[in-house]
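Structural characterization, general
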Amino acid sequence: MDNQPKVIALGFFDGVHMGHGALLRTVAERAKTLGAVPCAFTFDRSPAAALTGKTVPLLSGVADRARLMEELYGIREVIVAPFDVMRQMNWHDFVAQYLQKELGVVHVVAGHDFHFGYKGEGNPQRLAEKCAQLGMGCDVIPKVEIDGVTVSSTYIRTLVQEGNLERARWFLGHPYTISGQVVHGSELGRTLGTPTANLLIPQDMIAPSFGVYAGRVRLPGGEVRLAVTNVGTRPTVNSDRKTVTVEPWILDYQGDLYGQNILVELYVRLRPERKFPSVQALREAILENARQTRDYFAKASR
């Protein structure tokens, strides 16, 4: 680690939602005042999944969490720690040895419900007291509510699974995104005149409610284009109902994206996924969805 002093936010930050944003904005402000590097600390896997043994599908992987924290809140360094190691560490050592001594942290920001260390014995009160003893600054951020609802990754996961991405965007503070490498598909879209860039949803990631969404795609060079995106198993042309794909048809774009990474932003669900009586009927529906997508973003820009 370098010797620059750090101000750090502690948490898992799945989805990097508006509640997380309250921590990250505080980090940026404190870092500016102290002449320190604004940082965030996250784990390599879901603490909830590790502790309960249950599957907890993620809103965002490590790379997307880091990207969102940098783009939205100016976080310059994201430290990814192995949860299985950190859960065995004494909470005193986590603060004194790891944060202060190893990382060079001078100020800590945590949420009201953050627990850490062996058996989760570290809590916000103990964190604040230990920081005071060590001469470190500490902010504990209260819960954030929108329209009387506490902002949480758990609640947002429910919205995404329901396909309610407009409300999810309200609580996230940004569009729900899926990123990944473009893989080869059946190329039916090319035959229909609606060629798609196909992504596979990683097993540990949440799958939005199957359907067609209006959204945008960020291309490898940074260019952003409107897109009609199907999430699901393509029942009209596919008998394999196990593989979930994300297939954006990038409007007004021609180019080879195979093997490249793109970012898909989903804004609103236009219709559920369904089986059409013919490929021609499917094509007509996709063209109508393209019109709806253009209208949606035209109205949003007014």
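In this text, all values refer to a predicted model and were calculated from it rather than measured experimentally.

From N to C terminus, the protein includes ten helices and 13 strands. Relative to a compact globule of 302 residues, whose C-alpha radius of gyration would be 19 Å, the protein shows 22 Å and is just as compact. Considering the protein as a whole, with its 302 residues, one finds that 48% of them fall into the buried category. Intrachain contacts of the protein at a sequence separation of at least 6 include 72% that bridge at least 24 residues. By element, 49% of the accessible surface of the protein is carried by carbon and sulfur atoms, the whole surface being about 14,600 Å². Taken together, the 34 basic and 31 acidic charged side chains of the protein have centroids lying 3 Å from each other.

It is the contact of helix α5 (residues 91–102) with helix α6 (residues 124–134), at a shortest axis distance of 10 Å, that shows an interaxial angle of 50°. As judged from the angle between their axes, α5 and α6 are oblique. As for the relative orientation of α5 and α6, their crossing is right-handed in sense. Contact residues: W91, H92, V95, A96 and Q100 in α5; R126, L127, K130, C131 and L134 in α6. For the contact of α5 with α6, the residue count by class is six nonpolar, two polar and two charged.

On to the sheet that holds strand β8 (residues 176–181), then. Taken in spatial order, the six strands line up as β8-β13-β10-β11-β12-β9 in an open sheet, and their pairing is antiparallel. Looking at which strands have only one partner, the edges of the open sheet turn out to be β8 and β9 (199–200). Bridge analysis of strand β10 (residues 211–218) against strand β13 (residues 261–272) gives eight bridges, and the strand direction is antiparallel. Bridged to V212 within β13 is R271. Strand contacts of helix α10 (residues 279–300): β10, β11 (224–232), β12 (245–250) and β13, with the helix running at about 100° to β13, the strand carrying the most contacts.

Attention now moves to α5. Because the α-helix completes a turn every 3.6 residues, residues three or four places apart line up on one side. Turning to α5, its buried residues are W91, F94, V95, A96, Y98 and L99. Two or three places before H92, at the start of α5, stands the capping residue N90, its side-chain oxygen 2.7 Å from that residue's backbone nitrogen. Count one or two residues on from α5 and you reach G104, which has phi positive near 80°.

A few words now on helix α3 (residues 62–73). Compared with the 16 Å implied by 1.5 Å per residue over twelve residues, the 16 Å span of α3 between its first and last C-alpha is a close match. Of the residues making up α3, those classed as buried are D64, R65, R67, L68, M69 and Y73. Next to the buried residues of α3 lie α1 (18–34), β2 (37–43), β3 (77–81), β8, β10 and β13. Where α3 ends, the next residue or the one after it, G74, has phi of about 75°, a positive value.

Moving on to the sheet that holds strand β4 (residues 105–111). The five strands lie next to each other as β3-β2-β1-β4-β5, forming an open sheet whose pairing is parallel. Only two strands of the sheet have a single partner each, and these edge strands are β3 and β5 (137–141). Averaged over all neighbouring strand pairs, the angle between strand axes comes to 20°, with direction disregarded. Sheet topology places strand β1 (residues 6–10) next to β2; five bridges connect them, and they run parallel. Along β2, the bridge assignment pairs L10 with F41. Each of β1, β2, β4 and β5 touches α1; the most contacted strand, β1, lies at about 170° to it. Strands β2 and β3 of the sheet are contacted by α3, whose axis makes an angle of about 155° with β2.

Its identity as a non-glycine residue notwithstanding, V16 has a phi of 50°, on the positive side. Here V16 lies in the loop between β1 and α1. Its identity as a non-glycine residue notwithstanding, D147 has a phi of 55°, on the positive side. Position of D147 relative to the elements: it lies in the loop between β6 (145–146) and β7 (149–150).

What counts, and where the lines are drawn
- Residues numbered from 1 in each chain as written.
- Predicted model: local features only at pLDDT ≥ 70, side-chain atom pairs only at ≥ 80, totals over all residues.
- Heavy atoms only, no water.
- Helix = DSSP H or I, 4+ residues; strand = E, 2+ residues; numbered from the N terminus.
- Rg over C-alpha atoms; globule rule 2.2 N^0.38 Å.
- Buried < 20%, exposed > 50% of the residue type's maximum accessible area, 1.4 Å probe, protein only.
- Contact = heavy atoms within 4.5 Å.
- Areas by Shrake-Rupley, 256 points an atom, 1.4 Å probe, with all protein chains shown as cover.
- Lys, Arg positive; Asp, Glu negative; His and termini not counted.
- Charge placed at Lys NZ, Arg CZ, Asp CG, Glu CD.
- Axes fitted to C-alpha atoms, helices over the stretch in contact; angles between N-to-C directions.
- Parallel < 35°, antiparallel > 145°, perpendicular 65-115°, else oblique.
- Left-handed = near helix turned anticlockwise from the far one by under 90°.
- Nonpolar A, V, L, I, M, F, W, Y, C, P; charged D, E, K, R; others polar.
- Pairing = 2+ DSSP bridges.
- Polar contact = N/O pair within 3.5 Å; in protein donor to acceptor, adjacent residues only side chain to side chain.
- Expected span 1.5 Å × (residues − 1).

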